[in-house]
Amino acid sequence: YVEEFSVANFVGITRDGAFVTPAAETILESTTNKMLQQLALDEGIRVERRPVDFDAEIESFSEVGMVGTAAVVVRVRSITRRDRSYRPGSFDKLAKLRAKLQAIQCGEEPDKHSWLVDVCNVRQSAL
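Below is a short write-up of the structure. Along each chain, the written sequence defines residue order, and numbers are assigned to residues from 1. With the structure being a predicted model, the display of local features is reserved for residues of pLDDT at least 70 and the display and counting of side-chain atom pairs for 80 or more, all residues being used for whole-chain, interface and lining totals. Values reported for side chains reflect all heavy atoms of the structure, with hydrogen atoms and water molecules removed beforehand.

Side-chain pairs of opposite charge can arise whenever the charged atoms involved come near each other. For this document, the term salt bridge refers to a Lys or Arg side-chain nitrogen within 4 Å of an Asp or Glu carboxyl oxygen. Inspection of the entire model under this criterion finds ten salt bridges. Notably, a salt bridge pairs Arg 46 with Glu 48, separated by 2.9 Å at the nearest N-O pair. Note on Arg 46: relative accessible area 41%, which makes it partly exposed. The salt bridge involving Asp 55 is made with Arg 84; its shortest N-O contact spans 3.7 Å. One end of the pair, Asp 55, is in helix 2 (residues 54-57); the other, Arg 84, is in strand 7 (residues 84-86), with 29 residues separating them in the sequence. Each residue's exposure class comes from its accessible area (1.4 Å probe, protein chains only) as a fraction of the maximum for that residue type: buried when under 20%, exposed when over 50%, partly exposed otherwise. On the accessibility criterion, Arg 84 (26% relative accessible area) is partly exposed. Where helices and strands are cited, they refer to DSSP runs of H or I of at least four residues and of E of at least two residues respectively, numbered from the N terminus.

See the structure below:
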């Protein structure tokens, strides 16, 4: 089963359009992944948190990404396990979700989920 990459969460878009991320007690909870899941739901994309059987399912993914705080989501171009390699195709849906999250973080899109928090007031005179 796929749990996560060495330093990032696994996410994928299946050929039938679902956003899938593994569910297991051994996976570190990712705020970024949770945000991407919510944005996927907002876009009408079905979200599935469940075990992902690599051998049985890897070819059902049209897109695969690694999720982390700094990069948000990075495209995976290939996955090799033993003598088997898999190369997902596009990165369209995950790239769109990444762009949406970054736009919210930068104040270019409304934060309708109240994710952003002001940590201090900055005065113009202090600049």
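Pairing of aromatic side chains requires ring centres within 6.5 Å, counting the rings of Phe and Tyr and the six-membered ring of Trp. Pairs whose planes differ by under 30 degrees are stacked, by over 60 edge-to-face, and all others tilted. The full count for this structure, using the stated rule, is two aromatic pairs. Plain terms: the ring middles of Phe 5 and Phe 10 are 5.8 Å apart, the flat faces sit at 35° to each other, and that makes the pair tilted. The class of Phe 10 is buried, set by a relative accessible area of 1%. Arranged with centres 5.6 Å apart and planes meeting at 85°, the rings of Phe 10 and Phe 61 form a pair that is edge-to-face. With Phe 10 in strand 1 (residues 9-14) and Phe 61 in strand 4 (residues 61-68), the pair connects residues that are 51 residues apart, well separated along the chain. In this structure, Phe 10 and Phe 61 share a single accessibility class: buried. Through a chain of ring-to-ring contacts, the aromatic side chains of Phe 5, Phe 10 and Phe 61 assemble into a single cluster.

This part is about the pairing of strand 5 (residues 72-75). Sheet topology places strand 4 next to strand 5; four bridges connect them, and they run antiparallel. Its bridge partner being in strand 5, Gly 68 is matched across the sheet by Val 72. Pairing between strands is defined by DSSP: at least two bridges between them are needed. From the end of strand 4 to the start of strand 5, which pair antiparallel, there are three residues.

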